[in-house]
Every structure is written in C-alpha cells, then in structure tokens.
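Now for the letters of each chain:
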Amino acid sequence: MPREIALGDALVPGLLVLFVLALLALWLLDWLAGRFGLYRLVWHPTLFRLAAFVCVFGAFALFLN
Amino acid sequence: MTGSDFSGSVPLGRRLVVETLREEASVWLFVAKTLLAIFVTGWIAMRLALPSPSTAMITTIIVANRQSGMVLAKSFYRALGTVAGAGAAIGIVAAFPQQRDLFLVALSLWLGVCAGGATLYRNFKAYAFVLAGYTAAVIVVPVIENPPGVFDSAVARLSEVLLGILVSGAISDVVFPSRVRDVLRRSARGQFSDFLGFVRGSMEGAIPRDAMENAHLRFVRAAVTLEDLRSSVIFEDAETRARSNHLRLFNQRFMAASTSFQSLHHLINRLKRARRDRAADALVHLYAPLGEALEVPLEAGEGARVLLPRLLVARERMREDAVEVRAGFADEQDLRDFETGASLLLRFAGELYDYVDAASTLQAPRIVGGPVERVRFDRGNDYLGAGIATARTTLTMLVLGAFWIESAWPLGSSAMLIATIFAGLFAVTPNPTRVTRDVTYGYLIGMVLGFLCHFFVLTQLDGYGLMVAGVLPFLVVGVMLQASQRWGGIGLGWALGLLYILAFKNHQVYDPAHFINDAIAQIVGLMSAVVSFIVIPSAIGSPWLRRRQLAALRGQVALAAEAPLPGLRHRFESVNHDLFSQVVAQTEPGSADSRALIAWALAVHETGRALIELRHDMARGELPPTLRPYLEGVLATLARFYVKPDPASYLLARDAVATAIAGVCEHEGHRHLLEHLRLVRMALLDGESVLAAYMPDTPPAKEIAHAS
C-alpha cells in the first residue's frame, strides 16, 4: 500500500486514514468486550484497551511498507 | 450512616486535613496529567513534523478534565466536529475560490448555523457543532490567498487535533484515571434509595405542598443528571455502553413512577383540604402495604432483587384491601374519591415494580436477556434561541470580515479566528459574557507571560527538554486554576493564551514586532467576541426565554392530548424533565419565578399523564359513538387552556370535563375512564395549584363536592 492514499484526486497521508480505521476496529472490539464482560478478566482494562489499539494500529501500519 | 460513625471516631481536625489533602492531590494529579499530555503531544507533533504542533498542544488543554470519561466524550465529539468542519471548509473553498466576499458570507453562514445547532443540544453534542463551525474557519482563513492550499491545511488540522485527542485520551484514561463510572453508579444508587426512602417515609399520608415541590425538584434533577452522566460514561467504560439502554429504561421508569407518586399525594392533599377525611384516610391505609414492602435494608448487598417479590405481595394485598374498603363506604361521594385514588395507587404500584425491576437488572453482574425495549430521552429544544445564536455569530463574523477586508489589516485573519473560536465555544454556556470576560483576562495574563517566556527564557534554551522546563513555570498556575470552579475561566484563558502566542513550531521564530501585532490581533478578536455577547445577549437565562420555556412546558399538555400514542409516555416524561431542569437551572432558587415554574410543572405533569392514560384507555376499549365527542372535547379544551390559559378557556375546560364525566356515568362498562377524568377534574379544581388564578370565585371545597 502506498504511503499516501488518493481519495478522489487528493492525496491523504495513509497513516491518517489507517488511524481512523484502527479507531473503528477498536470500537468494535470494545463493543464485543463490553457485551460479554471480557474486561473483567483483565487487570487494567484501559491499559489493555490502549495496548490493543497500539497493536491494531501497528498491524495496519505495516501495510504501508 | 457510615459517615456519622466515621465522624464520631476520628477527630474533626484530622478529617479536615485528610479531606483537604485528598482534594489537593486530585488537583495536582489533574495538573500533572494535563502537563504531561501537553508536552508529549508537542514532542510527537514535532517528531512527525506537523506544521503547527501548538494546535495539537492546545487541543489537549481544551479537552482537559479531571474525569477520564469526560475527556473521552469531549474528544469523541471534538473529533467528529473537526472532521465535519474540515469537509465544510473544503466545500466552501471549492464553491467560491475566487470571490472573497461571497466566500466570507458563506463561511459566516456556516459558522452561524453551527452555533445555532449547538444551542439545540446540551452536553458535548453541542461542542461537536461548535467545532464543526470554527474548524472550517481555522482551516480556511489562513489559506484565503491560496485556495489550493486548503486541502493540506485541512489534513494538517485533522492530524494535529486527532493527535492531541489521542494523547490526552490515552493519558487521562491510563494514568491514575478518575472514573465517571463510579459517579454514575453512585448517582444511580442514590436516585434509587432516595426515591424509595421518600416513598417509604411518606406512609403517613399527607405531605405538605412545599415538601412535595422540593422532592419533585430533586427527582427531576436526578433524572437529568443521570442521563447526562450516562452519555459521557459510555465512552469510558465498555460495559456501561452495553448497559446503556438498560440505564435509559431505568431512568424512564423512574420518571413515570415519580409522576404517579406526585399525583397520588396531591390527590390525598386535596381530599384532606376538602374535609373528605374518610376517603383520604382510606387511601393512606391502602397505601400501607407498599410502605411495609419497602422496609428492607437495601445495603445488605442483595440489592433491588429482594424487593421484587415483596412488592408483588404488597400489590396483591392492596387489591384485596381495596375491595374490602370499597364495600365499607356508604357515601357515594366518598366511594368515587376512593376509587379514583385507588386506581392511581395501583398504577403507581405497578410502575414502582417496573422501576425496581429495571434497577435489579442493572445490578445483576451479567447482562442477561436479549435486546431491551429501546427508549429515548427526548429533549425540549427551543428553535428561536438557536436562531438568535445563529444570527449573532453570523453578524459578528460578517462585521469582522468586512473590517478585515476594508482595513487590509495583515493580521485581521488572526483576530477573526480568535473571535470565531470564542464566540463559538462560549455561546452555549449559561452566562457567556462573564465566561468570555474571565477567559479574556486569563488570556491577557497568558500573553504577557508568553512574552516574557518567549523572549527572555526560550531564547536561552536549546532542545525539547529544556523548552519544557522553560515553559512549565509559566503554564503550571494556569492549568491549576483550570481545575477550580471559580477561576476555571481565567485558568483556561491563561493556558490557551500562553500556548497560542508561543505557537511552537519546529523552527521557532523570534520576531518581537510580529509577536506584538499578533497579540493585539488576538485581543481584538477576543474583545469582539465579548462585545458580540453584550450586543446580542444570549437568550439563555432571560425572562423572555423563561416565558417561552414556560409556554413550552404548558404546551406539553397539548402534546399529551394530541400527539400519536406510541412512545408518548416516554416522550412526555423526558421532554418535561428536560424543559423543567433547563428552566430550574436558570432561575433563582426560591424566587417567585421559580415557584411559579414548579407549580406549573406539577400541574402539567399531573394533567398530562392523566390525559395520556385516558387516551390509552380510549384506544384500548370499544367506545360508544355518543361518548367519543365528549372525551375528545375534554382533550381539545384542556390542550387549549394549557397552551393559552385564561379564565374563559378555564371554564370551557372545566365544563367539558364535567360533561364528559356525566356522559361516561350514563354508559355502563366504562367506569375505568372515569378515574382519569376525575383526576383531571380534581387537578383543575385544586384551589392551591397555579390554576387558582383562572378560577371564578367559588369556594374550592364546594367545588370538589360538586365535581364528582
């Protein structure tokens, strides 16, 4: 995937688009975790949430190479 | 209970010290987290070589809050608003790339519409509108001479704001978070035990009118607070989000039960006043099983679940008692009064059961069952107030824009930007003139300090770490003030002014002439925001708007009488509560205005609910065609009376209800309709209610006797 993504004719930094996508993915994960009470099994839910976001965003960002 | 034990065993002085320290610690934690967020954001933004790292840093200041849920909620809406604003900016530039005048008009209109939208909502949704407005200006104004640059400008702004949001969200949520969730839990529990306690405590029957009014006020506040908290907590806690619908349902049932409870007690009070003690005492007696059912210590950990079977038993007993008591009445009149009250009481018992049921589902450790009934908390909005906000913002922008073009002021854009931001940010506060003035003072302090910091400190330093050390002493007091209630505005202005004027970039420029010109432009911008608030005062809090809100509240009876039935109960309750709490927030407690308002709210609540129940019964059963016109007459005349109260329409409404009661009495098998009608009738004839002003001079006691 190129570093910049063309939306229409305009070039947008790929990282920005992926960031928004990663946020959406996190939201979905969050919804699932909340629905089934998975955060009760985790020591520090918000830290876990942040770590999950970093993993998702990092994995997406690997596409840019 | 534990609080009093605590104060007994620990000396007062030590407790004072501990509490002060705890408060201080929370302030310093807030300061530390905010500063950390600011400088981490700045560092990342510089590493990423974003064009204006200071924007990202300012974002963290704006979303800073002591509670993580608030930060996340504000961030979410800030992100939404920024994206919408960026889209609008590109659209406006694309539409008018060559005509500066038209372009300014379009921009002003967009800003105005966003400001208007913001006044329609409370909470952070309003904030998203504000952001959508001024983001467009922030993106567009700097590239006004160079339209193709708008896209880069938009992307830069988006990246900076999103970066700031991410960092402050992560830091406030991960580093020693202070949770709104706990506040939500506490206030939901508080609402529950407060209400049940009140119901239990009122077993003796008559509650004085002012106690009733105070209780109503408290319940309304509780319902609206809970809804506000809920809308913030869903960003912080995934589990609360999953339970969000349950919480709404809980709140709706609370409102329904508290309304019925009010009606019931007003009825008993009226009967007592009219010296119909037999019926009143019988009702109080009938009420007793409910009070006994609630006599359980709730702190035992079992929660609401234990109450459910007890309430069922109590309801059964009340039904049986009612039959028995009814047989004992010799007087026709007493019997009628009693029946009206008993049906209200049974309705209340049913609603109380539903409410406790919702509470016990909320307290259950797991989310059970499938989707819950979807309910909405509707708000009462005033479109005229929104129109004023729109007009004010548009006019301010047009005047500033015209001045900018005419004077060819090089830094006019800076003034315009600041004016836009502040006119938008504070349009939704109850007292914008004061807040904006506070922020302006803070801004001045921040800029003077910024001057010192910029030219005497930063010029001596090299590298990011030293820069942080250099800025910190100037910033820290501002952030600390932000945490306090009284000085919050000044603190916000201080921090904003300092960061804005320092305008961190990767290549810092030291140019005193430009610095001072920019400072002057920003002050002019702030002043024009203040002036715009003074010239076109915000409608919020004015007597004019209060009259309008009162009219809207009365219009709720018309809503109850005419709006389509599905979902009407929820809609009526939540709009009522929202309107009521809006006006309460804007009136002096205990003033004549406030008392009139509460009195109206009670009347509207009671009559509206009775009308809704009446309509439900009308829709359910087969009505004889001769009866329907009478009932529709009741609905229409009552709606007209409440929309425009005067003695003539009062008489019309009163007569319509009397005719309908007589009409229903003539038909067999429609006695259930009578109870609602009698309730409406008694509310209309209550000599102590706000309606007394429209009554002809006849003694109320006789009227009640005559009525039913």
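Residues numbered from 1 in each chain as written. Chains lettered and ligands numbered in written order. Predicted model: local features only at pLDDT ≥ 70, side-chain atom pairs only at ≥ 80, totals over all residues. Heavy atoms only, no water.

Chemist: Help me understand the UniProt feature "transmembrane region" (unreviewed entry) in chain A, please; the structure alone is not making it clear to me.
Modeler: According to UniProt, the feature "transmembrane region" (unreviewed entry) maps to residues 7-29 and 41-64 of chain A in the numbering used here. Across residues 41-64 of chain A one finds 75% helix and 0% strand; the C-alpha atoms that close the span lie 34 Å apart. (UniProt positions renumbered as here; feature names shortened; annotations may be inferred. Helix = DSSP H or I, 4+ residues; strand = E, 2+ residues; numbered from the N terminus.)

Chemist: Is there a simple way to explain the nonpolar core in this structure?
Modeler: One recurring pattern in soluble globular proteins is that nonpolar side chains are buried together. Membership of the largest hydrophobic core comes to 116 residues, with the highest contact counts inside it found for Phe-192, Phe-195, Phe-250, Leu-352 and Tyr-642 of chain B. Look past the residues within four positions of Tyr-642 of chain B in its chain and what remains in contact with it is Arg-554, Val-557, Trp-600, Ala-603, Val-604, Thr-607 and Leu-691 of chain B. Counting 94 residues, the second-largest nonpolar core is a separate cluster that includes Phe-19 of chain A together with Ala-106, Tyr-443 and Tyr-464 of chain B. (Core = buried A, V, L, I, M, F, W, Y, C linked by side-chain atoms within 4.5 Å. Buried < 20%, exposed > 50% of the residue type's maximum accessible area, 1.4 Å probe, protein only. Contact = heavy atoms within 4.5 Å.)

Chemist: Hey, could you run me through helix H6 (residues 123-140) of chain B in this one?
Modeler: Since the α-helix packs 3.6 residues into each turn, any two residues three or four apart lie on the same face. Relative to the 26 Å expected for 18 residues at 1.5 Å per residue, H6 of chain B spans 27 Å between its end C-alpha atoms, a close match to the ideal helical length. Counted residue by residue, H6 of chain B has 15 buried out of 18 residues, so it is predominantly covered. (Expected span 1.5 Å × (residues − 1).)

Chemist: How should unusual backbone geometry be read in this particular structure?
Modeler: Among all residues except glycine, the phi angle is most often negative; among peptide bonds, the trans geometry is most common. Residues and elements named next belong to chain B. We note that Ala-49 has phi near 55°; this positive angle belongs to a residue other than glycine. Positive phi, normally seen in glycine, also occurs at Ala-503, with a value near 40°. With respect to the helices, strands and loops of the structure, Ala-503 is situated in the loop between helix H19 (488-502) and helix H20 (512-535).

Chemist: Mind showing me how you'd approach a nonpolar patch on the surface here?
Modeler: Nonpolar side chains collect at one region of the surface, where Trp-31, Leu-32, Phe-36, Leu-38 and Leu-41 of chain A lie side by side and expose about 570 Å² of accessible area between them. Exposure remark for Phe-36 of chain A: the relative accessible area of 54% places this residue in the exposed category. (Patch = residues over 30% accessible without salt bridge, like charges linked within 9 Å, V, L, I, M, F, W, Y side chains within 5 Å. Areas by Shrake-Rupley, 256 points an atom, 1.4 Å probe, with all protein chains shown as cover. Salt bridge = Lys/Arg side-chain N within 4 Å of Asp/Glu carboxyl O.)

Chemist: Honestly, empty space enclosed by the protein in this entry has me stumped. Any pointers?
Modeler: The rolling of a water-molecule-sized probe over the atoms marks out the regions of remaining empty space. Residues and elements named next belong to chain B. A complete count under the given rule lists four cavities of 30 Å³ or more for this structure. When its volume is computed, the largest cavity comes out at roughly 100 Å³. Lining the largest cavity are Phe-30, Lys-33, Thr-34, Ala-37, Thr-60, Val-63, Ala-64, Asn-65, Val-71, Ser-168, Ile-171 and Ser-172. Broken down by secondary-structure element, the contributors of at least two residues to the lining of the largest cavity are helix H2 (12-47), helix H3 (53-63) and helix H7 (150-174). Of the residues forming the lining of the largest cavity, the biggest block, four residues, is contributed by H2. Looking at the lining of the largest cavity residue by residue, the class counts come to six nonpolar, five polar and one charged. Taken as a whole, the second largest cavity spans an internal volume of roughly 60 Å³. When residues of the lining of the second largest cavity are traced back to their parent elements, those giving at least two are helix H11 (244-273) and helix H23 (592-620). Per-element tally for the lining of the second largest cavity: the top contributor is H23, with three residues. Here the residues of the lining of the second largest cavity are counted per class, giving four nonpolar, two polar and four charged. (1 Å grid on protein atoms, 1.4 Å probe; cavity = no way out; pocket = protein on both sides within 12 Å on 5 of 7 lines; lining within 4 Å. Points joined across faces, edges and corners; volume = space filled by probe spheres on them. Nonpolar A, V, L, I, M, F, W, Y, C, P; charged D, E, K, R; others polar.)

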